[in-house]
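Results of the structural survey
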Amino acid sequence: MYFSVSSQVALCVLFFASQGVKFMDQWQKDLMEMVETVADEVERFFLGMGEMVDAFFELTEEFTEQVQHNIVTEVDQYLQDLTEPILDIYWELEDVVADVDPGFPYSVEATTEQNAACIGCSNYHGHVYGGNLLVCGMHPHGWDDGSCPDWERE
């Protein structure tokens, strides 16, 4: 038996009409249950998403701490690797300078503790030769008093 679409719709309307109020009450209850179920599922979804976001932030914080720790450690190691050879060369040069032949001449400035009368004098020579300081041509060992008679402004 073949029914047209319009006759099928009509049969459905008659069926629903025969069910009456009882059908409408059940439909509303079913609709409310579906809405409540959807609301519960949505709430569970967002609670789960919140937990996932919290876990993600904890993971990123741990990752950031590890990266920062590793970077600081690697930079520190890099700087040590970079400076150690330079410092080794510096210390070796200091040893070489300390081992310089005392016969090699070097200069010494006049200070208030040593050769105070010679500070600012144009005659001051102040070079050490073979471990001996030559203060000036007139007074090779310096002047003991606070004012030298041969002092001349530079």
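Anything mentioned here points back to the structure above.
Residues numbered from 1 in each chain as written. Predicted model: local features only at pLDDT ≥ 70, side-chain atom pairs only at ≥ 80, totals over all residues. Heavy atoms only, no water.

**Observations regarding the sheet that holds strand β3 (residues 132-134)**
How we decide: Criterion used throughout: strands pair if DSSP finds at least two bridges between them. Helix and strand assignments come from DSSP, with helices taken as H or I runs of at least 4 residues and strands as E runs of at least 2, each series counted from the N terminus.
A sheet is described by the order of its strands in space; here 3 strands give the open sequence β1-β2-β3, paired in antiparallel fashion. Single-partner strands in this sheet number two, and they are β1 (106-107) and β3. Where β1 and strand β2 (residues 127-129) come together, 2 bridges link them in antiparallel fashion. Paired with Y106 across the strands is V128, a residue of β2.

**Description of the pattern of salt bridges**
Spelled out, the test is: Criterion for a salt bridge: a side-chain nitrogen of Lys or Arg within 4 Å of a carboxyl oxygen of Asp or Glu.
Enumeration according to the criterion identifies 1 salt bridge in this entry. Between E41 and R44 there is a salt bridge whose closest N-O contact spans 2.0 Å. Residue E41 and its partner R44 are both found in helix α2 (residues 21-98); the two are separated by 3 residues, about one turn of the helix.

**Points about the side chain of H139**
Heads up, the condition is: The classification of residues rests on relative accessible area computed with a 1.4 Å probe and restricted to protein chains. Under 20% of the type maximum is buried, over 50% is exposed, and intermediate values are partly exposed. Think of a polar contact as two N or O atoms within 3.5 Å of one another; within protein, one of them needs to be a possible hydrogen donor and the other a possible acceptor, and neighboring residues in sequence only count if both atoms come from side chains. It only takes one pair of heavy atoms within 4.5 Å for two residues to be counted as in contact.
Mapped onto the elements of the fold, H139 is located in the segment after β3. Judged by relative accessible area, which is 14%, H139 ranks as buried. Side chain to side chain, H139 and D150 meet in a polar contact 2.6 Å long. If we ignore the near neighbours within four places in the chain, the residues touching H139 are C148 and D150.

**Some details on the side chain of N115**
Relative to the assigned elements, N115 resides in the loop between β1 and β2. With a relative accessible area of 13%, N115 lands in the buried category.

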